[in-house]
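# Coordinate analysis (summary)
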Amino acid sequence: MTSRTAIPSSTRPPAASASTEGSVNPLFEYLLRLGDDRLVLGHRLSEWCGHGPALEEDIALANVALDLIGQASHFLRLAGTVEGRGRDEDALAYLRDAIDYRNVKLVELPNGDFGRTIVRSFLFDAWSALSLEKLVHSSHAELAGIAAKAHKEARYHVRHSGEWVIRLGDGTDESHRRTQNALDDLWPYIGELFASDEVDKAHANGIAPDPPSLEPAWREVVSDVISRATLTLPLDGYMHSGARQGRHTEHLGHLLAEMQILARSHPGAKW
Amino acid sequence: MNATDAQAAALLEVLHGVPDPEVPALDIVELGIVRKVERRPDGVVVVEVTPTYSGCPAMRTIEEEIVVALRANGYERVELRTVYSPAWTTDWLSDEAKAKLKAYGIAPPEPAVAEQILVPLTATIRRAACPYCGSSNTERRSEFGSTACKAIHYCHHCRQPFEEFKAL
């Protein structure tokens, strides 16, 4: 043991999370939130590939997954640049553990049936389209540019998921019942979309919108679609919290295990 | 035309020789993926590219092909830059490019108009003209197709499914 050489501090790998070192870089944290929401939902939607209820829907969900993972890669690349410690989008996606992920719980929940997947996507897509619409005007030029592209995609994502909510809700008794159940079950997860903490408050100078400011417009869009779908808007009760600070459901670890195993088993592999 | 302009035109001409891997009827300049190309005084050719869709899987191939095409024409040192702003739009496609798409069997994009409401009624969707027979008695089957940039339609007149390069 005496022959073992201590690793000089300069070559030690960077700490896993910015939050574990006491000094949080708010822009880095915020970019992780933007990236992780999309990476995790993109991965969940990609699980539908080959399992869609119809060929068109299989293709649609895979297309949306691709857009979301693409958006995530742009946000995470920028996060790595902002952090300035040499981590690129792949390092951030594949080499962080669940506790360092910053996505909301809503997107990490298992897919359930097609109706549940669609309701979850709709709740997220409407929020995403509205928040990206604001981010287009961010004072951070590169963030604004990535958001402008993502915003165009989010608009047709919400059109797709919203139309399906209407079709399923206003469909058969069976589809109505399942969609309503999904809506009721997922409702306690919407609180995280609009919660604000010190990371958000650090962006008051025009970098990013304050999450609570998005809620009125979101509720308007969602209640309109819910009523056209003949569904009932759930009452606000208990709301989950904590995932933006790394406290996730048990589902995220399983998702990451599948997503990360190749990159972790073969570090640096290229093809 | 001064020397700088002539050089830029020559570089652009080389890049016109790079077809899009997924829609080979168009090249990457026609598609609006190449935003700017110039040769710096130190001899490095700088190419600015913008992604069509955030997750376009062809982007890496396109970047590799840009480097290959430029090297084949004697430009050894190439620097690629990704620019996001302004965001890519199908409105950048020229009439000539749209005609090429149609001849290739893909309905060209309409002008991109943002819907006012986020979830409009499905019934308001306009009908794309069939690239084969020209009929507008068509129906959109899905806003998602074989690639991120295409939607699937069906023509009731010639009974043929077809793809549309969707407006973005």
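Residues numbered from 1 in each chain as written. Chains lettered and ligands numbered in written order. Predicted model: local features only at pLDDT ≥ 70, side-chain atom pairs only at ≥ 80, totals over all residues. Heavy atoms only, no water.

### With respect to the overall build of chain B
Tallying secondary structure elements over chain B gives three helices and seven strands in all. Counting from the amino terminus, helix and strand elements in chain B follow one another as α-β-β-α-β-α-β-β-β-β. Classification of the 168 residues of chain B by burial places 47% in the buried group. Accessible surface, chain B as shown: approximately 8,400 Å² in total, 50% of it carbon and sulfur. Across chain B, the 18 positively charged side chains and the 23 negatively charged ones have centroids separated by 3 Å. (Helix = DSSP H or I, 4+ residues; strand = E, 2+ residues; numbered from the N terminus. Buried < 20%, exposed > 50% of the residue type's maximum accessible area, 1.4 Å probe, protein only. Areas by Shrake-Rupley, 256 points an atom, 1.4 Å probe, with all protein chains shown as cover. Lys, Arg positive; Asp, Glu negative; His and termini not counted. Charge placed at Lys NZ, Arg CZ, Asp CG, Glu CD.)

### Observations concerning the overall build of chain A
Along the backbone of chain A there are eleven helices and zero strands. Along its sequence from the N terminus, chain A presents helices and strands in the succession α-α-α-α-α-α-α-α-α-α-α. Against the compact-globule benchmark of 18 Å for 271 residues, chain A has a radius of gyration of 19 Å, which places it among compact chains. Along the first, second and third principal axes, the C-alpha atoms of chain A reach 75 × 40 × 35 Å. Pairs at least 24 residues apart make up 81% of the contacts formed inside chain A by residues separated by at least 6 positions. Looking at chain A as shown, the accessible area adds up to about 12,100 Å², and 57% of this sits on carbon and sulfur atoms. Side-chain charges of chain A comprise 28 positive and 38 negative groups, with the mean position of each set lying 4 Å from the other. (Rg over C-alpha atoms; globule rule 2.2 N^0.38 Å. Contact = heavy atoms within 4.5 Å.)

### Thoughts on the packing of aromatic side chains
What describes a pair of aromatic rings is the distance from one ring centre to the other and the angle between the planes of the rings. Tallying each qualifying case throughout the model produces nine aromatic pairs over all chains. A connected cluster of aromatic rings, assembled from ring pairs, spans Tyr156 of chain A together with Tyr53, Trp88, Phe144 and Phe165 of chain B. Sitting over the ring of Trp92 of chain B, Arg35 of chain B keeps its end group 3.6 Å from the ring centre. Above the plane of the ring of Phe144 of chain B lies Lys166 of chain B, whose end atom (NZ or CZ) is 4.7 Å from the centre. (Phe/Tyr/Trp six-rings, centres within 6.5 Å; stacked < 30°, edge-to-face > 60°. Lys NZ or Arg CZ within 6 Å of the ring centre and 35° of its normal.)

### Regarding the nonpolar core
In terms of nonpolar packing, the biggest core is built from 111 residues, with Phe122, Leu123, Leu143 and Trp218 of chain A together with Val47, Leu70 and Phe165 of chain B touching the most fellow members. Among the elements that take part in this core, helix H5 (residues 114–135) of chain A stands out by supplying twelve residues, more than any other. Not counting chain neighbours up to four residues away, the residues in contact with Phe165 of chain B comprise Val23, Leu31, Trp88, Thr90, Leu93, Leu101, Ile106, Ala107, Pro108, Pro109, Cys149 and Lys150 of chain B. Ala107, Ala128, Cys130 and Cys155 of chain B belong to the second-largest nonpolar core, a separate cluster that totals five residues. (Core = buried A, V, L, I, M, F, W, Y, C linked by side-chain atoms within 4.5 Å.)

### What about the sheet that holds strand E7 (residues 160–165) of chain B?
Residue and element names in this part refer to chain B. Pairing within the open sheet is mixed, and its four strands lie in the order E4-E7-E6-E5. Whereas interior strands pair on both sides, the edge strands pair on one side only; in this sheet they are strand E4 (106–107) and strand E5 (138–142). As judged from the six bridges shared by strand E6 (residues 150–155) and E7, these two strands associate in the antiparallel manner. Following the sheet pairing, Cys155 is matched in E7 by Gln160. (Pairing = 2+ DSSP bridges.)

### Quick word on the confidence of the model for chain B
Residues and elements named next belong to chain B. Averaged over all residues, the pLDDT of chain B is 91; the fraction at 70 or higher stands at 96%. Ranking the elements of chain B by mean pLDDT puts helix H1 (residues 3–15) last with 89 and strand E2 (residues 45–49) first with 96. Both confidence scores are given for the complex: pTM 0.91, ipTM 0.89. (pLDDT = per-residue confidence, 0-100.)

### Some thoughts on the interface of chain B and chain A
The partner chain A presents 35 residues to the 30 residues of chain B that form the contact. For the pair chain B and chain A, the summed buried surface comes to about 2,800 Å²; carbon and sulfur atoms form 61% of the total. The largest per-residue losses of area from chain B upon contact with chain A belong to Tyr84, Leu118 and Phe144 of chain B, which jointly make up 31% of the total buried on that side. At the boundary of chain B with chain A, the tally comes to one salt bridge. Glu143 of chain B is the salt-bridge partner of Arg159 of chain A, the closest N and O atoms lying 2.3 Å from each other. Here chain B is connected to chain A by eleven residue pairs in polar contact (both at pLDDT 80 or more). (Buried area = accessible area lost by both parts, 1.4 Å probe. Salt bridge = Lys/Arg side-chain N within 4 Å of Asp/Glu carboxyl O. Polar contact = N/O pair within 3.5 Å; in protein donor to acceptor, adjacent residues only side chain to side chain.)

### Brief notes about the environment of Gly112 of chain A
Residue and element names in this part refer to chain A. Its location among the elements puts Gly112 in the loop between helix H4 (105–108) and H5. In the structure, Gly112 is positioned 47 residues away from Arg159 in sequence and 21 Å away in space, judged by C-alpha atoms. Those residues in contact with Gly112, other than ones at most four positions away along the chain, are Trp48 and Thr117.

### A closer look at the pairing of E2 of chain B
All names here are of chain B. Most of E2 sits inside the fold, with five of its five residues counted as buried. Burial of E2 is two-sided: the residues Val45, Val47 and Val49 facing one way and the residues Val46 and Glu48 facing the other way are all buried. Across five bridges, the pairing between strand E1 (residues 34–39) and E2 is antiparallel. If you follow Arg39 over to E2, its bridge partner there is Val45. The loop that links E1 with its antiparallel partner E2 comprises five residues; one of these, Gly43, has a positive phi angle of about 95 degrees. Bridge count for E2 against strand E3 (residues 78–82) is five bridges, and the pairing is parallel. Within E3, the residue paired with Glu48 across the bridge is Arg81. A crossover connection joins E2 to the parallel E3 through helix H2 (residues 59–72); in handedness this β-α-β unit is right-handed. (Right-handed = clockwise from strand over helix to strand, strands pointing away.)

### Brief notes about the state of the cysteines
Tallied over the full model, the rule gives zero disulfides over all chains. Note on Cys155 of chain B: no disulfide assigned, nearest cysteine sulfur contributed by Cys158 of chain B at a separation of 3.6 Å. (Disulfide = S-S within 2.5 Å.)

### Some thoughts on a nonpolar patch on the surface
Together, Ile261, Leu262 and Trp271 of chain A make up a nonpolar patch on the protein surface, roughly 460 Å² of accessible area in all. As for its placement among the helices and strands, Ile261 of chain A is situated in helix H11 (residues 251–265). (Patch = residues over 30% accessible without salt bridge, like charges linked within 9 Å, V, L, I, M, F, W, Y side chains within 5 Å.)

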